[in-house]
Protein chains: 2
Amino acid sequence: MPENEDATPALTREALTQAALRVLERDGLDGLSMRKVAAEVGVKAASLYWHVRNKQELLDLLSDAILASAEPPPRQDDWRAELYAYSASYRRLLLDNRDAARVVAGRLAPGPCLLNLMEDQLDRLRTAGFSDADTAMASYLLGAFVQGFVLQEQSPISAAEVLGTSRRDVADAAGDLFRGLPTDQYPNLSQLADHLTGPDMDARFDFCLNRVLDGLAALLPPERR
Amino acid sequence: MPENEDATPALTREALTQAALRVLERDGLDGLSMRKVAAEVGVKAASLYWHVRNKQELLDLLSDAILASAEPPPRQDDWRAELYAYSASYRRLLLDNRDAARVVAGRLAPGPCLLNLMEDQLDRLRTAGFSDADTAMASYLLGAFVQGFVLQEQSPISAAEVLGTSRRDVADAAGDLFRGLPTDQYPNLSQLADHLTGPDMDARFDFCLNRVLDGLAALLPPERR
DNA sequence: ACCTGAACACCGTTCAAGT
DNA sequence: ACCTGAACACCGTTCAAGT
């Protein structure tokens, strides 16, 4: 029965995925090439195509590997606090892995890790009192919202940022731009400049997530909110 | 004063942007190369770097060009209906331009078109009764939400879809997968399979947007909701 | 001021050939 | 069964050189 008697860990899809994860961390998604992943495992690029159909499939594996380190927050008999913690920790996970949002976004090829997370989240929504239909939709909303938010947060804001300008500097520059607009043509932009560019991403996330949770709460009968 | 006396339209950034737009429509974002854009305007790739710092900057221009066809919905003295229409038409615009969400997402290098849209949307939020701080944040929330949603909607769902499988087929396959899971380990996923994979993207968008709008409404004093 | 040729250092993928 | 060499058809970007 033992198909692999020697200790040398044959080149598996698992090993490939881990190598891809290291390359992603080191060089980012734009620097992630089949050639580099191959080099990382000590093999030539062409060899990868024996284990994996193409680069897309490797990215599917990578996506699930990123989710592997996700940990659901503790149960605490307060659906709203749980879902808040859930979304915040999902955001943290995406922020902590380089370009993670871009890798994961829209890639709903459900790997085992994603399945476990979904199962757990669905359970909390149902016990909170949401109907089956609402539970399914709410789960989609939360996933799409967090991924969308972090995607904005993590992606290069413009050509400027690629060239080394920090996020804060870009925001400040936008603030100056807004303030400098003609007040007759752009009264709102110029007046709201501070509010538009002041809040950092943590504050924005908090605001947005609370609005989404308010919206979900409105689906519940008043006594369960 | 006339710097360009002959009628031949010199190679401008504008012309470049329009060419890029055509290449995007034809070949998608992954097929959009500097070489192809150059060919589209009858020039060699190296020439582009006279007009534009790099590809990122061309993508910034492209992003604003996509927004150029956006039209704010009519005023109708109902903030909720207006914002619904706003978001729905923004989604439409992104869906109608190939890979538009990927081009626009996170690229807040505010071009003139985006500025005009923001100004208009801020105005509606303020007259609806939102505070200045809430107006700024609500505008961010709506933009991030729609972009995040369409990004999921438009991006290849997995290696499978790249190989020609339709979105509906992928969803159906996911449904079969969910239903086939062991009911003791995945009770929620298996029971909610239909709800999770049934609704099409229009229904999902409608649900999610209404939750977001409910959440925003909760910020207003009751009489203005 | 604007464009080109040629080069540099890369890509993803295929496929016959090796072991 | 698994890996390689070599090739194909591409990339973004730079830079001396042309006009």
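The residue numbers shown here count from 1 along each chain, following its written sequence. Here every chain gets a letter starting at A, and every ligand a number starting at 1, in the order they are written. Side-chain atom pairs in this predicted model are given and counted only at pLDDT of 80 or more, local residue features only at pLDDT of at least 70, and totals for whole chains, interfaces and linings cover all residues. The basis for the side-chain values is all heavy atoms of the structure; hydrogens and waters are excluded.

**Describing the protein's contact with DNA strand D**
Next up, step 1: In the vicinity of DNA strand D, 17 residues are found, and the nearest of them are A:Lys44, A:Ser47, A:His51, B:Arg35 and B:Tyr49.
Next up, step 2: Nearness is defined per residue: one heavy atom within 4 Å of the molecule or strand is enough. When the atoms of DNA strand D within 4 Å of the protein are grouped by moiety, sugar and phosphate amount to 58% of the total.
Next up, step 3: Think of a polar contact as two N or O atoms within 3.5 Å of one another; within protein, one of them needs to be a possible hydrogen donor and the other a possible acceptor, and neighboring residues in sequence only count if both atoms come from side chains. One of the side-chain N or O atoms of A:His51 is found 2.6 Å from a phosphate oxygen in DNA strand D.
Next up, step 4: In the model, a phosphate oxygen of DNA strand D is placed 3.0 Å from a nitrogen or oxygen of the B:Ser33 side chain.
Next up, step 5: Contributing elements (two or more residues each) for the surface near DNA strand D: helix H3 (45–51) of chain A together with helix H2 (34–40) and helix H3 (45–51) of chain B. Secondary structure elements are defined from DSSP: runs of H or I of at least 4 residues count as helices, runs of E of at least 2 residues count as strands, and each element is numbered from the N terminus.

**Some details on the UniProt feature "DNA-binding region" (unreviewed entry) in chain A**
Next up, step 1: UniProt positions are given in the numbering used here, feature names are shortened, and annotations may be inferred rather than shown by experiment. According to UniProt, the feature "DNA-binding region" (unreviewed entry) maps to residues 33–52 of chain A in the numbering used here.
Next up, step 2: Helix makes up 70% of residues 33–52 of chain A and strand 0%. Its end C-alpha atoms lie 14 Å apart.

**Quick look at the relation of the copies chain B and chain A**
Next up, step 1: Overlaying chain B with chain A gives an RMSD of 0.0 Å, the required rotation being 180° about an axis along which the chain moves by 0.0 Å. Overall, the copies show the geometry of a two-fold rotation axis.
Next up, step 2: Most of the interface of chain B is mirrored in chain A, where 100% of its interface residues again form contacts. A residue counts toward the fit only if its pLDDT is at least 70 in both copies, and the copies are then superposed by least squares on the C-alpha atoms of those residues. Contact definition: two residues touch when any of their heavy atoms are within 4.5 Å.

**Let's talk about the domain arrangement of chain A**
A common way to report how large an interface is uses the accessible area buried once the components associate.
Residue and element names in this part refer to chain A.
Next up, step 1: Domain boundaries in chain A define domain 1 (13–53) and domain 2 (69–224).
Next up, step 2: Here domain 1 and domain 2 have C-alpha centroids that lie 30 Å from each other.
Next up, step 3: The interface is formed by 7 residues belonging to domain 1 together with 6 residues belonging to domain 2.
Next up, step 4: Whenever Lys or Arg places a side-chain nitrogen within 4 Å of a carboxyl oxygen from Asp or Glu, that contact is recorded as a salt bridge. Remark: the boundary between domain 1 and domain 2 carries 1 salt bridge.
Next up, step 5: With a shortest N-O distance of 2.9 Å, Asp 30 and Arg 102 are connected by a salt bridge.
Next up, step 6: Summed over the shared surface of domain 1 and domain 2, the number is 4 residue pairs in polar contact (both at pLDDT 80 or more).
Next up, step 7: Gly falls in the polar group here, along with every residue not listed as nonpolar (Ala, Val, Leu, Ile, Met, Phe, Trp, Tyr, Cys, Pro) or charged (Asp, Glu, Lys, Arg). When its residues are assigned to classes, the side of domain 1 that touches domain 2 shows 2 nonpolar, 1 polar and 4 charged. A domain assignment, automatic or from a database, supplies the domain bounds used here.

**Quick notes on unusual backbone geometry**
Next up, step 1: Residue A:Asp99 is not a glycine yet carries a positive backbone phi of 55°.
Next up, step 2: For A:Asp99, the location among the structural elements is in the loop between helix H5 (79–96) and helix H6 (100–104).
Next up, step 3: At B:Asp77, a residue that is not glycine, the phi angle is positive and equals roughly 60°.
Next up, step 4: Position of B:Asp77 among the secondary structure elements: in the loop between helix H4 (55–67) and helix H5 (79–96).

**Remarks on the state of the cysteines**
Next up, step 1: In this description, the term disulfide denotes a pair of cysteine sulfurs within 2.5 Å. This model, assessed by the stated rule, comprises 0 disulfides over all chains.
Next up, step 2: A:Cys208 supplies the cysteine sulfur nearest to B:Cys208, a cysteine that is in no disulfide, at a spacing of 14 Å.

**As for the interface of chain B and chain A**
Next up, step 1: At the junction of the two partners, chain B supplies 67 residues and chain A supplies 67 residues.
Next up, step 2: By definition, the buried area sums, over both parts, the 1.4 Å-probe accessible area that each loses when the two are put together. A buried area of about 5,600 Å², summed over both sides, lies between chain B and chain A, and 69% of it is on carbon and sulfur atoms.
Next up, step 3: Of all residues in chain B, the largest losses of buried area upon contact with chain A belong to B:Met137, B:Tyr140 and B:Gln152, amounting jointly to 12% of the total for that side.
Next up, step 4: Taken together, chain B and chain A are joined by 0 salt bridges.
Next up, step 5: In this structure, the connection of chain B to chain A is made through 16 residue pairs in polar contact (both at pLDDT 80 or more).
Next up, step 6: Within the residue set of the side of chain B that touches chain A, elements represented by two or more residues are H4, helix H7 (112–128), helix H8 (132–154), helix H9 (159–162), helix H10 (167–180), helix H11 (187–191), helix H12 (193–197) and helix H13 (201–217) of chain B.
Next up, step 7: No other element matches the 17 residues that H8(B) contributes to the side of chain B that touches chain A.

**Some thoughts on the pattern of salt bridges**
All names here are of chain A.
Next up, step 1: Enumeration according to the criterion identifies 40 salt bridges over all chains in this entry.
Next up, step 2: With a shortest N-O distance of 2.7 Å, Arg 80 and Asp 214 are connected by a salt bridge. Here Asp 214 lies in helix H13 (residues 201–217) and Arg 80 lies in helix H5, a separation of 134 residues in the sequence.
Next up, step 3: Note that Arg 179 and Asp 176 form a salt bridge whose closest N and O atoms lie 3.1 Å from each other. With Arg 179 and Asp 176 both in helix H10 (residues 167–180) and 3 residues apart, the pair spans about one turn of that helix.
Next up, step 4: With a 1.4 Å probe rolled over the protein chains alone, any residue whose accessible area is under 20% of its type maximum counts as buried; one over 50% counts as exposed, and the rest are partly exposed. Classification of Arg 179 as partly exposed rests on a relative accessible area of 42%.
Next up, step 5: In this structure, a network of salt bridges that share partners links the residues Arg 22, Arg 26, Asp 27, Lys 36 and Glu 40.

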